Amino acid sequence: MTDADGYDVTVKEISPTEYIFKMPASKVTVEAEFVKTPETSTLPYNDVDVDDWFYGAAEYAYNNGIMSGMGATQFAPNINLSRAMLAQILYNMESGTPVSSAQFADVVAGAWYADAVNWAAANGTVGGYGDGISGPEINISREQIAVILYRYASYKGYNVSTKGDLSAFTDIDKLSDWAEEAVAWVVGENVFGGKGKGVLDPTGLATRAEVAQIFMNFCENIDK
């Protein structure tokens, strides 16, 4: 800002949108240039950028204590989610209390996921494969996630009667019969849908980024 003689007029910033100056005894010329401040990540992860499609979900999961990283600086968005990881997410959401005894032969006491897996089994949300086997390290499919979310919602006493229309998906024939009710519910409640071009991919694996988005949708649409 300059006065009629071309001298600078002192401007004081009151707020990012408010400035004041002492009006000189002559006309002034105001020239403003606005520069957009780049968004910066609030997350401790070096593999999550603010321009990533899943940034909002990763931020939500981190801020609400739903998902932690795989190490202090890695969210590992493209790593597939295991059954143990999913049990841990539910355990985090519930601030679960460890059960008194182990439920599965393949869940070693002291493993990072032991409390979560045993808690989830005790509450009927994440079961095992029979014969005392949990399969904590096995990656989980999208339809399995739907079933577990359905069980968790039932455990919480939420309404699970909504049924979405699955006929628009071109690969609905790949959906397992035992998962149909749960998948119809998560689709109907906008917890998760297809992967574009009419593809549901019910038996496909889910990445940590996708699961962060699913759980943000769940919390905002169901667990209000």
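Source: prediction; values computed, not measured.

**Considering helix α3 (residues 114-122)**
Turning to step 1, where the next piece is worked out: Among all positions in α3, only Ala114, Ala116, Val117, Asn118, Trp119 and Ala120 are buried.
Turning to step 2, where the next piece is worked out: Packing partners of the buried residues in α3 comprise α2 (83-94) and α4 (142-156).
Turning to step 3, where the next piece is worked out: Of the residues trailing α3, glycine 124 is marked for its positive phi of about 75°.

**Digging into a nonpolar patch on the surface**
Turning to step 1, where the next piece is worked out: A cluster of nonpolar side chains, contributed by Tyr129, Ile133 and Ile138, occupies part of the molecular surface with about 260 Å² of accessible area.
Turning to step 2, where the next piece is worked out: Relative to the elements of secondary structure, isoleucine 133 occurs in the loop between α3 and α4.
Turning to step 3, where the next piece is worked out: Isoleucine 133 gets classed as partly exposed once you look at its relative accessible area, which sits at 34%.

**Digging into the environment of glutamate 137**
Turning to step 1, where the next piece is worked out: With respect to the helices, strands and loops of the structure, glutamate 137 is situated in the loop between α3 and α4.
Turning to step 2, where the next piece is worked out: Overall, glutamate 137 belongs to the exposed group, its relative accessible area being 55%.
Turning to step 3, where the next piece is worked out: In this structure the C-alpha to C-alpha distance between glutamate 137 and aspartate 106, which are 31 residues apart in sequence, comes to 9.7 Å.

Conventions used here
Residues numbered from 1 in each chain as written. Predicted model: local features only at pLDDT ≥ 70, side-chain atom pairs only at ≥ 80, totals over all residues. Heavy atoms only, no water. Buried < 20%, exposed > 50% of the residue type's maximum accessible area, 1.4 Å probe, protein only. Helix = DSSP H or I, 4+ residues; strand = E, 2+ residues; numbered from the N terminus. Contact = heavy atoms within 4.5 Å. Patch = residues over 30% accessible without salt bridge, like charges linked within 9 Å, V, L, I, M, F, W, Y side chains within 5 Å. Areas by Shrake-Rupley, 256 points an atom, 1.4 Å probe, with all protein chains shown as cover. Salt bridge = Lys/Arg side-chain N within 4 Å of Asp/Glu carboxyl O.

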